[in-house]
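What follows is each chain in one-letter form.
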Amino acid sequence: MKRLVTIQDISCFGKCSLTAAIPVISSMGVETAVIPTAVLSTHTGSGFSGYTFHDLTDDIPAIAAHWKKLELRFDSIYTGYIGSCEQIEVIKRFIEVFRTDETLVVVDPVMGDGGRMYPGFDNKFVTSMKSLCSIADCILPNATEAALLLSQPYDNNPCEGKIHEMLMCLTEQGCKTAIMTGASIDSSHNGAICYSKLENRFFNSFCENIDGSFHSTGDIFSSVVSGGLTLGMDLQSALDLAVGFTHDCIKATLPIREEQWYSVRFEPCLGQLSDACRDYFDDESRS
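Residues numbered from 1 in each chain as written. Predicted model: local features only at pLDDT ≥ 70, side-chain atom pairs only at ≥ 80, totals over all residues. Heavy atoms only, no water.

Bringing unusual backbone geometry into the picture now. Notably, Lys15 is not glycine yet its phi reads approximately 55 degrees, a positive angle. The residue Lys15 is located in the loop between strand 1 (3-11) and helix 1 (18-27) in this model. Within the chain, Glu71 stands out as a residue other than glycine whose phi angle is a positive 60 degrees. Tracing the backbone shows Glu71 in the loop between helix 2 (60-69) and strand 4 (76-79). (Helix = DSSP H or I, 4+ residues; strand = E, 2+ residues; numbered from the N terminus.)

An α-helix turns once every 3.6 residues. As a result, residues three or four positions apart point the same way. By the burial criterion, the buried members of helix 4 (residues 123-133) are Phe125, Val126, Ser128, Met129, Leu132 and Cys133. Looking straight down helix 4, one finds its buried side chains confined to an arc of 165 degrees; they lie on one side. Those residues of helix 4 that are exposed and aimed more than 90 degrees away from the buried face are Asn123, Lys124 and Thr127. Elements in contact with the buried residues of helix 4: strand 4, helix 3 (85-98), strand 5 (104-107), strand 7 (116-117), strand 8 (138-139) and helix 5 (143-150). N-cap assignment for helix 4: the residue whose side-chain oxygen lies 3.2 Å from the backbone N of Lys124 is Asp122. (Buried < 20%, exposed > 50% of the residue type's maximum accessible area, 1.4 Å probe, protein only. Arc of directions from axis to C-beta. Contact = heavy atoms within 4.5 Å. Polar contact = N/O pair within 3.5 Å; in protein donor to acceptor, adjacent residues only side chain to side chain.)

Along helix 1, the residues that are buried comprise Leu18, Ala20, Ala21, Val24, Ile25 and Ser27. Residue Gly29 follows helix 1 closely and has a positive phi angle near 90 degrees.

What follows concerns the environment of Gln236. Residue position: Gln236 is located in helix 8 (residues 235-253). Looking at Gln236, the relative accessible area reads 25%, which means it is partly exposed. Setting aside residues up to four positions removed in sequence, Gln236 forms contacts with Phe203, Asn204 and Ser205. A distance of 3.0 Å separates a polar side-chain atom of Gln236 from the backbone oxygen of Asn204.

For strand 1 and strand 2 (residues 31-40), the ladder comprises eight bridges, and the chain directions are parallel. Bridge pairing links Ile7 to Ile35 in strand 2. Handedness of the strand 1-helix 1-strand 2 crossover: right-handed. (Pairing = 2+ DSSP bridges. Right-handed = clockwise from strand over helix to strand, strands pointing away.)

Quick look at the pattern of salt bridges now. For the structure on display, the rule yields eight salt bridges. Linking Glu31 and Arg3 is a salt bridge whose minimum nitrogen-to-oxygen distance equals 3.4 Å. Placement of the pair is Glu31 in strand 2 and Arg3 in strand 1, with a sequence separation of 28 residues. By relative accessible area, which is 35% here, Glu31 ends up partly exposed. Judged by relative accessible area, Arg3 falls into the partly exposed class, the value being 25%. The closest approach of N and O atoms between Glu267 and Lys15, which form a salt bridge, is 3.1 Å. Taken together, the residues Glu267 in the loop between helix 8 and helix 9 (270-286) and Lys15 in the loop between strand 1 and helix 1 connect sequence positions 252 residues apart. Three or more residues are tied together by salt bridges with common partners; here these are Arg99, Asp137 and Lys176. (Salt bridge = Lys/Arg side-chain N within 4 Å of Asp/Glu carboxyl O.)

Below, the structure is given as C-alpha cells:
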C-alpha cells in the first residue's frame, strides 16, 4: 500500500485541511499519515469568528525525529495550509530528511483567494512559500496564489494564454509541474489547467461551472490530485478525477447548501471516488 504524509492544520469543525484530506486520500486506498501544524476549533473562513488556535510548530521536529528512528518511509509528502514562515522552514527540513529519489512532494501554496491574501500573511510569507514551492514536484496554486508567487498583479479572469504563461513561469522557479486550480477558459466551465515541465505539455480538465463560493473545495481537489499521483496515475487522469470528484461534492451540497454553508458535503461521494480509483487500475491492468 502506498503511504502519504500530509502536513497542514486540523480544524476540529468545518471539514477542511486534515479533516478533508484524511478521509479523501484514505478512500483512494492510500495510507495517510499526518503532521498537524495547528489545531483550530473551526476553520477561519467567513461565518466563523472567535475560533481557538493552538500552534504546533515546536512539535514537528520531535515527530520527525521519532519517525526517523522508526525508519518510516513515505511515497508522497503533501503540504496544505501553513501558518508561518517558521513552519515553512521546519517543513523544508522535514522534506530534506524524508525525501528519496522516489518521493513525490506536492505543495498547495495556500495564501489567498479572490485577489486577496488571507489574514495573517504578508510579503515575507509569500517569499517563504516561494522557497517551499521551489523544491516541490507539483504545486497547486489558484489564480491569486499564482500571481503572488510570480509577483504579478492579480487578474480575475486570465485568458488561456496568460494561464499557460504563468504556469510555465512557475515551473521556472523550481517545481516540475504547476496546476492552476479554479481555472477556466469560458464562463460556463471551471476546473484546472496544468503544465508539466518534464513533458513540456499542457493538460486541462473542466466541468460545468456552478455559481457561488464553496468552502473546502481547494483542499479536496489538492487531496485527490495528491492521492492520484501517489497511486501512479498520469497527470490527465489525476486532474480528471479531482475535477470530477470536486464537482460531485458541490452538487451533493446544493440541496442542503444553507445548512452546510461552512463546507461541501463530500462524505456521500467517497464511495464513488474509491470505485473510480479501483476502476482506473483495473483498466490499466487490462490494457
